[in-house]
Structure formats: structure tokens, C-alpha cells
Amino acid sequence: MLTQPCKCATDLALGQHGAEIRITDAQKQISDKSNSASFIVYTIRFQDKEARRRYSDFDSFRNGLARLYPDVLVPPIPEKHSLTDYAHVPNRSKENQAMVDKRKRMLQRFLVRLASHPRLCHEHVFHRFLDGGVPWPEVLNSPPLSTLENDDSLLLPSPSTSHVLKDPDPAFVESENVAEKHAEFANSPLDRSQRRLLRRLGDMANDYAELGTAYNMLGLNESDQIAPTIEKLGFAADTTCSKTQYLVHELEVDFAEHMQEYAQYTRIAKQVLRHRHLKHAQLELIGASLQTKKSLLRNLLQTEDKALQLEADIHHNEQPKPPSTETVSGEDDDFDTHSIEDGFASIDATHIPKDLSSSPDAATYPSSASASAIRASRDRYRKWSSPRKLLNAMSYTLQGMMDVDPEATRRNQIAKLKENVTQLEGAQAKVRQELKEISENIQQELDMFQKQRASELRAMMIAYAKIHIKYCEESVASWRQARVQVDSIQP
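Residues numbered from 1 in each chain as written. Predicted model: local features only at pLDDT ≥ 70, side-chain atom pairs only at ≥ 80, totals over all residues. Heavy atoms only, no water.

A. Looking closely at the overall build of the protein. Tallying secondary structure elements over the protein gives 13 helices and 3 strands in all. Across the 491 residues that make up the protein, the buried fraction comes to 35%. Taking the intrachain contacts of the protein between residues at least 6 apart in sequence as the baseline, contacts between residues at least 24 apart amount to 74%. As displayed, the protein has an accessible area near 30500 Å², and 54% of this comes from carbon and sulfur atoms. (Helix = DSSP H or I, 4+ residues; strand = E, 2+ residues; numbered from the N terminus. Buried < 20%, exposed > 50% of the residue type's maximum accessible area, 1.4 Å probe, protein only. Contact = heavy atoms within 4.5 Å. Areas by Shrake-Rupley, 256 points an atom, 1.4 Å probe, with all protein chains shown as cover.)

B. Spatial organisation of the confidence of the model for the protein. Counting all residues, the mean pLDDT for the protein is 81, and 75% of those residues have values of 70 or more. The low-confidence segment residues 82–91 (pLDDT under 50) makes 14 contacts with residues lying over four places distant or belonging to another chain. With pLDDT under 50 throughout, residues 326–363 is counted as low confidence; its partners more than four residues away or in other chains account for 30 contacts. (pLDDT = per-residue confidence, 0-100.)

C. Examining the sheet that holds strand 2 (residues 38–46) more closely. Read from one edge of the open sheet, 3 strands run 1-2-3, paired in antiparallel fashion. Looking along the sheet, the strands with just one partner apiece sit at the ends: strand 1 (22–30) and strand 3 (49–54). Taking the axes of each pair of neighbouring strands and ignoring which way they run, one obtains an average angle of 25° across the sheet. As judged from the 8 bridges shared by strand 1 and strand 2, these two strands associate in the antiparallel manner. Its bridge partner lying in strand 2, Ile30 is registered against Ser38. Across the sheet, helix 2 (residues 55–68) touches strand 1, strand 2 and strand 3, and the angle it forms with strand 3 is around 95°. (Pairing = 2+ DSSP bridges. Axes fitted to C-alpha atoms, helices over the stretch in contact; angles between N-to-C directions.)

D. Highlighting helix 2. Taking 1.5 Å per residue as the helical rise, helix 2 with its 14 residues ought to reach 20 Å, and the 20 Å between its terminal C-alpha atoms agrees with that figure. Restricting attention to buried positions, one finds in helix 2 the residues Tyr55, Asp57, Phe58, Asp59, Phe61, Arg62, Gly64 and Leu65. (Expected span 1.5 Å × (residues − 1).)

E. Local environment of empty space enclosed by the protein. For the structure on display, the rule yields 1 cavity of 30 Å³ or more. The space that makes up the largest cavity amounts to roughly 60 Å³. His258, Tyr262, Tyr265, Phe449, Gln452, Arg453, Glu456, Leu457 and Met460 together form the lining of the largest cavity. Broken down by secondary-structure element, the contributors of at least two residues to the lining of the largest cavity are helix 8 (227–317) and helix 13 (406–487). For the lining of the largest cavity, the element with the highest residue contribution is helix 13, accounting for 6 residues. (1 Å grid on protein atoms, 1.4 Å probe; cavity = no way out; pocket = protein on both sides within 12 Å on 5 of 7 lines; lining within 4 Å. Points joined across faces, edges and corners; volume = space filled by probe spheres on them.)

F. Here's a closer look at the packing of aromatic side chains. Following the criterion strictly, the structure yields 10 aromatic pairs and no others. Consider the rings of Tyr42 and Phe58, whose centres lie 6.2 Å apart with planes at 90°: the pair is edge-to-face. Of this pair, Tyr42 sits in strand 2 while Phe58 sits in helix 2; the two residues are 16 residues apart in sequence, bridging distant segments of the chain. With a centroid separation of 4.3 Å and an interplanar angle of 10°, the aromatic rings of Phe61 and Phe129 are classed as stacked. Of this pair, Phe61 sits in helix 2 while Phe129 sits in helix 4 (residues 124–129), and the two are 68 residues apart along the sequence. What links up through ring pairs into an aromatic cluster is the set Tyr42, Phe58, Phe61, Phe110, Phe126, Phe129 and Trp136. (Phe/Tyr/Trp six-rings, centres within 6.5 Å; stacked < 30°, edge-to-face > 60°.)

G. Focus on the side chain of Arg276. Relative to the assigned elements, Arg276 resides in helix 8. When neighbours within four sequence positions are excluded, Arg276 is seen to be in contact with Asp169, Phe172, Leu435, Ile438, Ser439 and Ile442.

H. Highlighting the pairing of strand 3. Taken together, the 6 bridges between strand 2 and strand 3 define a ladder with antiparallel strand orientation. Its bridge partner lying in strand 3, Phe46 is registered against Lys49. Counting the residues in the hairpin turn of strand 2 and strand 3 gives 2 residues, including Gln47, whose phi is positive at 55°.

Pasting the structure below:
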């Protein structure tokens with residue numbers, strides 16, 4: 001999904017001249033708040049616009065883009081920890097300047113890559129970053145960057161990064177595995193070996209410089225026949241020193257810096273894939289929650305239907321009936337005036353015959369008791385026959401005491417569950433659509449990255465070979481001239 005162009009002058013200019021963005025200068029400035037604190041200000045020039053931004057501005061700008069476009073591989077910027085090292089080592093001004101120049105190159109590539117991106121180039125925050133007339137804090141405190149915390153998606157379930165998907169997409173599982181392998185490769189000893197090689201080449205250049213000085217001093221003390229030859233050797237050593245220093249610089253610019261950016265890109269790709277993973281997990285959590293809510297709602301609706309049916313039956317049975325013409329015995333009248341809830345209150349124990357007292361049934365249920373009284377007594381006994389039944393009865397009684405109107409409570413729960421189900425269904429549809437768009441965008445980003453990676457790696461390897469070929473040819477030429485001078489010495 002492409003970002004809609006904002007149609008401002010900068011947006012129109014980037015479409016044709018985005019590759020012309022340059023960082024023309026980098027100057028150290030003293031902070032207004034503290035005289036001991038200093039920072040570097042980078043001057044960005046694009047056509048007739050000029051902006052001065054600190055590294056912290058670049059950092060917050062990139063973080064804002066990553067939050068606005070979590071499905072985009074936002075280009076990397078130089079690592080933060082090494083940008084301020086030079087400010088605290090005043091006796092290494094040469095190394096500090098090399099570090100500043102390196103940051104200039106990497107930040108410029110960052111801006112040029114943004115200008116060539118099909119979505120990020122149309123972001124108005126980018127256009128305002130290039131405009132020096134707009135203070136950067138003002139951009140940070142205005143939409144869309146200022147409204148990122150108010151995203152409605154924060155109200156949805158937030159899965160953990162360790163959430164295991166129940167139904168993962170095989171294509172993106174493969175992409176995650178590939179990204180993990182690339183990250184391992186980028187963090188492999190290759191980068192450390194390259195850094196160690198550059199450091200040793202720098203030491204070798206210093207050794208050649210000392211060697212050339214030693215040859216020149218030795219030549220001053222030799223005869224006219226030997227002195228020119230020794231000076232020629234010193235010149236070859238000095239030439240090798242300068243060529244080695246240039247080799248280190250070229251390898252740093254055309255190879256090492258790109259390797260660092262490649263390692264950063266692999267970490268960015270993992271973050272983007274993790275974002276999609278979390279969105280997929282969020283969809284699964286919403287689906288599980290929706291299924292649970294629907295099950296509860298189904299059970300409550302069944303309970304409500306049964307309650308309504310029972311209420312209808314009770315209302316039907318409470319209708320008046322004609323009086324019965326049958327004569328009820330005095331014994332039955334005596335039974336009906338007692339409560340069955342009192343167990344054997346309707347049974348007169350004084351009428352138990354002595355000859356039946358030895359019978360267990362007779363001792364419990366006298367012959368004078370009616371069949372209905374015996375059944376009621378047995379049911380009453382079975383009702384309280386276990387502690388679990390007693391606890392259930394007590395729980396039901398307490399619940400009835402606290403819940404004055406359980407029917408109203410049940411209906412309120414049904415209404416609330418219906419509302420929750422509706423909200424979850426809407427959230428599910430929204431997140432499903434978001435996941436679809438995110439998947440499409442990430443796949444496009446990965447395809448673009450694969451092409452960019454192949455092109456840049458090819459250019460890096462070609463540059464690496466050409467730099468060494470040029471270095472070897474020039475070094476060999478200087479030493480061949482020295483050999484000619486040595487061969488001219490007469491024995």
C-alpha cells in the first residue's frame with residue numbers, strides 16, 4: 001500500500017532529484033545549557049533548502065518513521081554509541097575528523113535511500129526534516145508523530161514475543177528463518193576480521209612511514225654512489241605508506257561501512273517480521289477470546305430459555321382448579337398440616353406397634369405413615385446425605401442472598417456478552433485486514449531488500465577487488481623503480 005503523496009514542493013522535487021541530497025558540512029557546537037557539552041550539527045542541502053540537524057534529530061526521526069511504518073525496512077543510521085566518542089578525546093583530532101566524515105557519508109546514504117523508497121519518500125515528516133525553517137521539536141510535537149501513543153490498537157490483546165502461532169504462514173516462517181541466518185552471518189567473525197584487517201593495515205602504514213624515515217636518514221650518511229639508492233628505497237617505503245593509508249580509507253568507505261549497514265538491515269528485517277508475527281498472534285488471541293465469549297453467551301441463552309419455559313409452566317400450574325370431591329382421611333389431613341421439610345413431623349411415633357419395633361423399616365417408617373410421607377422423608381435424607389451437597393446448598397443460598405435478582409443479573413450478562421462479541425468481531429475483521437496488508441507490504445519490502453542486497457554486495461565485492469588491484473599495482477611500481485636503482489650500483 002503506497003503512501004498518498006502530500007503534493008508539497010519537496011515531495012514533487014524528491015521524485016526527480018532525490019539522489020541529489022547532500023550533507024555538506026559537519027561542525028562541532030557548544031551546548032547552550034552547558035559549556036562543557038558539545039555536539040555535531042550536520043548541514044543538509046537539497047536544492048534551495050538547507051537544514052541543520054543534530055544526530056539526536058536523525059535518531060528521533062528514524063524512530064518516528066519506524067513507528068509510523070512498522071511494516072517497512074526503514075534504512076539504518078550510524079550506531080549511536082560511537083558518535084560522541086570524539087568529543088571527549090581532544091588529542092585525537094585526526095581520528096575524530098575521520099569519524100565525523102564517516103557519519104556524514106552514512107547519514108547522507110540514509111536520506112538518499114529514504115528519497116528513493118516508494119512509500120517513505122511521500123511522508124511529509126521527511127519533507128519537514130529537510131526544511132531548515134521548521135524546528136525539529138515542533139515536528140515531533142505535531143501529528144502524526146505526536147498521536148502515535150493514542151493508537152486504538154493499544155486496546156486490543158498484546159501478545160508476547162514468545163507467543164507460538166497455532167497456524168503460521170509457511171512463507172513467512174521461511175522468511176524468518178532466512179532473516180535469522182542472515183543475522184548470524186552479519187554478526188559472524190567476518191565483520192570482526194575486516195575491522196582487525198583495517199587496523200593492522202593502518203599499523204603497517206605507520207611501519208612503512210618509519211621505515212622510509214630510517215632509509216632517508218641512512219642515505220644522508222652514505223657515499224654518493226650508495227646514497228641515491230637508499231633514498232630510492234626510502235621513497236618506495238613512503239609511497240607504500242601513503243598507498244596503504246589510502247587502501248584503508250577506500251576499504252572503510254566502499255566496503256566496511258556497507259557491511260555495517262548490511263548487518264543493521266538484517267536486524268531491521270527481523271524486527272519487521274516480528275511485528276507481523278505479533279499481529280498474527282493478536283488475531284489468534286482475538287479469535288480465542290471471541291470463541292470463549294460466544295460459548296459463555298450460548299450457555300447463558302440456553303439458561304435463559306429454560307428459565308422462561310419454567311416460568312411459563314409455573315404460571316400455567318398456578319391457575320385455579322375446581323375443588324376435589326374425594327374425601328380425605330383424617331390421617332391424611334393430619335399429614336398435610338405438617339411440613340415435609342421437617343422430616344417425619346407428619347409421622348406419629350406413638351402409633352408404632354411393639355411387635356414391629358425389631359424391623360428396621362418399621363423403626364423408621366411406621367405402618368401408619370402414608371407412602372407420600374415416606375418418599376418425602378427419603379428424598380429429604382438423600383438431599384443432605386453428603387458434605388458436598390450441603391456446601392452446594394449453602395453456596396446457592398449465599399448467592400441468593402447477595403444476588404437479589406439473578407434473572408436481571410443473567411440478562412445483564414447476556415447484554416454485556418453480546419456487546420463484547422460484537423466488539424471482538426469488529427476487531428477481528430480489522431486485525432485480519434491489517435494482517436493482510438502488513439503481509440503484502442512486508443513481502444514487497446523483502447523482495448526489494450533482496451534485490452538491493454544482491455546489487456550492493458556485488459558492488460562491494462567488485463570495489464574490494466579493484467581497491468586491492470590498484471594498491472598492488474602502485475606499490476609494485478614504486479618498488480620496481482627502487483630495484484632499477486639498486487641494480488645500477490656497481491660492485
